[in-house]
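Here are the chains, one letter per residue:
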Amino acid sequence: MSRFLAVAGLALRELWISFRLLFVMGLLLLAALPAAIVPVPGGDPLAGATGRIQPFAIGLAAGLALAAGVAAGTISAERQRGTAGWLVSRAVPRGTIVAGWFAAFAVVLLLGIGPAAVLAWLSLGPLAEIVDPVAFGVTVAAAWGVGLAALAMGLLLGSLLGTLPAMLLGGALTAALLVPAVTIGLPALVTPPAPGAPFAILGDLVDAARPITDSVRAGGAALAASAVLLLLASAVMGRADL
Amino acid sequence: MVVAGLHRSVRRRKLLAGLDLRIPVGARVLLVSDPPGADSLLLGILAGLVRARRGRFEVAGLARDDDSTGGWRRRIAYLPPDGGFYGWLSPREVLELAGRLAGYEPAERRRRIDAAVEQYGLAGEMNRPASRGGPALAQRVGLAAAMLGDPEVLLLDEPLRAVGATERRRLLEIPGERRTVLLVSRYPASEEGLVDRVVLIRGGRVALQARAGELAAHGLTLSMQGIRDLAQRQAAPPIAASA
């Protein structure tokens with residue numbers, strides 16, 4: 001446990017010192033900005049609420065895609081510049097390094113998504129009366145769960161590839177899975193437990209039939225996928241040259 | 001230290017092709033390769049950072065790389081050329097972390113860190129980021145962290161290159177009669193007096209394993225050319241006496 005905490009602490013400090021923590025948090029906060037500043041035509045309050053939440057859902061999906069790319073590039077760079085090797089040569093298991101970085105990025109996502117969701121909610125103003133706050137909270141939490149799966153995928157790619165390819169592929173794959181869920185609404189991407197479901201639900205929260213149930217299903221599936229991807233990342237890291 | 005039949009390629013270049021090597025306890029070995037690359041790769045494999053495709057090795061009497069703080073890893077220390085740790089860590093943090101990861105209790109950790117600070121002349125540099133002290137400080141801190149656990153085997157890859165020659169020599173005179181030191185260097189002449197054996201890897205195999213004194217006995221110096229010449233003389237068949 002202490003080795004895990006040591007790695008997670010180092011990872012958080014590295015993210016802070018290299019400005020990647022602020023970058024990822026800033027991206028996620030930016031996701032809420034359109035919801036706050038884009039003017040929504042008056043008249044139908046349902047359309048007004050959707051007009052404010054949908055850009056937030058798209059921004060959140062894009063922000064998570066970039067976060068996954070950053071995670072992929074980070075773990076790949078850790079391998080290549082020898083800092084992971086320094087820890088491994090001090091009896092830190094390779095799986096612990098993956099888990100420590102995952103925990104650090106999970107905290108960063110939480111620090112970014114939490115305030116972004118609060119900002120998006122506050123930007124609803126009087127329209128907040130027609131949006132179920134519990135459904136909003138649960139859907140955002142499910143989106144965080146999907147973000148964890150995206151991080152785990154990023155760590156898997158980073159354990160396998162060079163820094164730039166890992167970063168680009170991690171970001172592109174996540175974006176391809178999440179952004180079209182809100183913008184196009186492809187059934188394969190939005191039907192729970194597909195990873196795009198929370199974003200599609202969030203984008204259409206006012207009209208969603210079962211937002212809480214569907215979000216919980218998608219979030220649970222994303223957490224299970226995170227666990228599988230983390231195990232794979234640890235196995236790949238176990239065979240990587242450091 | 002026993003290495004048997006080690007194979008490994010890097011970017012389709014076969015750097016180790018069935019390498020066999022046996023190094024006795026307490027030896028101070030200069031490891032060079034021609035062309036360079038295989039020596040550092042072998043060190044990485046022995047340190048458990050790089051996987052060999054085939055073959056086996058035993059370090060400090062153990063064949064299995066385990067992660068227990070009391071086991072394999074604590075008995076072996078590896079020092080990469082640049083120290084290997086985050087440059088923003090201060091020397092105090094690096095040594096604290098190394099001690100904590102090695103599993104030492106706080107009192108024992110403090111005792112070892114105090115001794116390392118004195119031995120490696122870090123007293124005035126303990127609280128600022130190691131990178132601000134330049135590569136020489138980072139390399140000294142790296143060696144101090146590697147020695148903190150009193151390892152049985154020390155694997156040094158181009159150590160302390162940024163440190164002045166006299167200071168470097170002092171720091172690399174590693175104490176401990178039963179401590180085995182394997183040192184990779186592109187500049188063998190700078191290791192004069194620090195090693196008692198020389199190993200040359202060529203074509204993925206050991207082309208020469210000799211005592212350092214044999215170079216002088218053949219009128220050769222401890223240099224890349226001297227090592228090559230000795231390998232050539234030992235490989236050549238003896239000249240038949242003419243009638």
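Residues numbered from 1 in each chain as written. Chains lettered and ligands numbered in written order. Predicted model: local features only at pLDDT ≥ 70, side-chain atom pairs only at ≥ 80, totals over all residues.

Draft legend 1. Highlighting the overall build of chain A. Within chain A, the regular secondary structure consists of 10 helices and zero strands. The order of helices and strands in chain A, counted from the N terminus, is α-α-α-α-α-α-α-α-α-α. Computed over the C-alpha atoms, the radius of gyration of chain A is 18 Å, within 12% of the 18 Å expected from 2.2 N^0.38 for a compact globule of 242 residues. The C-alpha extent of chain A, read off along each of the three principal axes, is 65 × 35 × 30 Å. The burial tally for chain A puts 56% of its 242 residues in the buried class. A sequence separation of at least 24 residues applies to 80% of the contacts in chain A between residues at least 6 apart. (Helix = DSSP H or I, 4+ residues; strand = E, 2+ residues; numbered from the N terminus. Rg over C-alpha atoms; globule rule 2.2 N^0.38 Å. Buried ≥ 20, exposed ≤ 12 C-beta atoms within 10 Å, placed from the backbone. Contact = placed C-beta atoms within 7 Å.)

Draft legend 2. Spatial organisation of the packing of helix H6 (residues 133–160) of chain A against helix H10 (residues 211–239) of chain A. Residues and elements named next belong to chain A. At a minimum axis separation of 8 Å, H6 and H10 run at an interaxial angle of 15°. Between H6 and H10, the angle is such that the two are roughly parallel. Remark: the crossing between H6 and H10 carries left-handed chirality. (Axes fitted to C-alpha atoms, helices over the stretch in contact; angles between N-to-C directions. Parallel < 35°, antiparallel > 145°, perpendicular 65-115°, else oblique. Left-handed = near helix turned anticlockwise from the far one by under 90°.)

Draft legend 3. Representation of the sheet that holds strand S1 (residues 2–10) of chain B in the model. Residues and elements named next belong to chain B. The three strands are arranged S2-S1-S4 in an open sheet whose pairing can be described as antiparallel. Pairing within the sheet leaves two strands with one partner each, and these edge strands are strand S2 (13–22) and strand S4 (54–58). Each neighbouring strand pair of the sheet contributes to a mean axis angle of 25°, computed without reference to strand direction. Pairing of S1 with S2, which is carried by seven bridges, proceeds in the antiparallel orientation. Among the inter-strand pairings, Leu 6 is bridged to a residue of S2, identified as Leu 19. Packed onto the sheet, helix H1 (residues 38–46) meets S1, S2 and S4 and runs at close to 65° relative to S2. (Pairing = 2+ DSSP bridges.)

Draft legend 4. The arrangement of the sheet that holds strand S6 (residues 153–157) of chain B in detail. All names here are of chain B. Pairing is mixed in the open sheet, where six strands are placed in the order S5-S6-S7-S3-S8-S9. Single-partner strands in this sheet number two, and they are strand S5 (76–79) and strand S9 (205–211). The mean inter-strand angle of the sheet, taken between neighbouring strand axes irrespective of direction, is 15°. Summarising the sheet, strand S8 (residues 197–202) and S9 pair through six bridges and their orientation is antiparallel. Bridging from a neighbouring strand, Val 199 pairs with Gln 209 of S9. The sheet strands contacting H1 are strand S3 (28–34), S5, S6, strand S7 (180–184) and S8, and the helix crosses S3 at an angle near 130°. Relative to S5, helix H5 (residues 134–147) is tilted by about 170°, and along the sheet it contacts S5 and S6.

Draft legend 5. Just the pairing of S1(B), in detail. Residue and element names in this part refer to chain B. The antiparallel pairing of S1 with S2 creates a hairpin that spans two residues between the two strands, and Arg 11 there sits at a positive phi of about 45°. Relative to S4, S1 is paired through four bridges, and the arrangement is antiparallel. Paired with Ala 4 across the two strands is Arg 56, which belongs to S4.

Draft legend 6. A look at unusual backbone geometry. Between A:Pro192 and A:Pro193 the backbone carries a cis peptide bond, its omega angle lying at 10°. For the bond running from B:Asp34 to B:Pro35, omega is 0°, close enough to zero to count as cis. Along the chain, B:Pro35 turns up in the loop between S3 and H1. We note that B:Arg12 has phi near 65°; this positive angle belongs to a residue other than glycine. Its 5 C-beta neighbours within 10 Å are what place B:Arg12 among the exposed residues. Of note, B:Asp150 is a non-glycine position whose phi angle comes to about 50°, a positive value. By the element assignment, B:Asp150 lies in the loop between H5 and S6.

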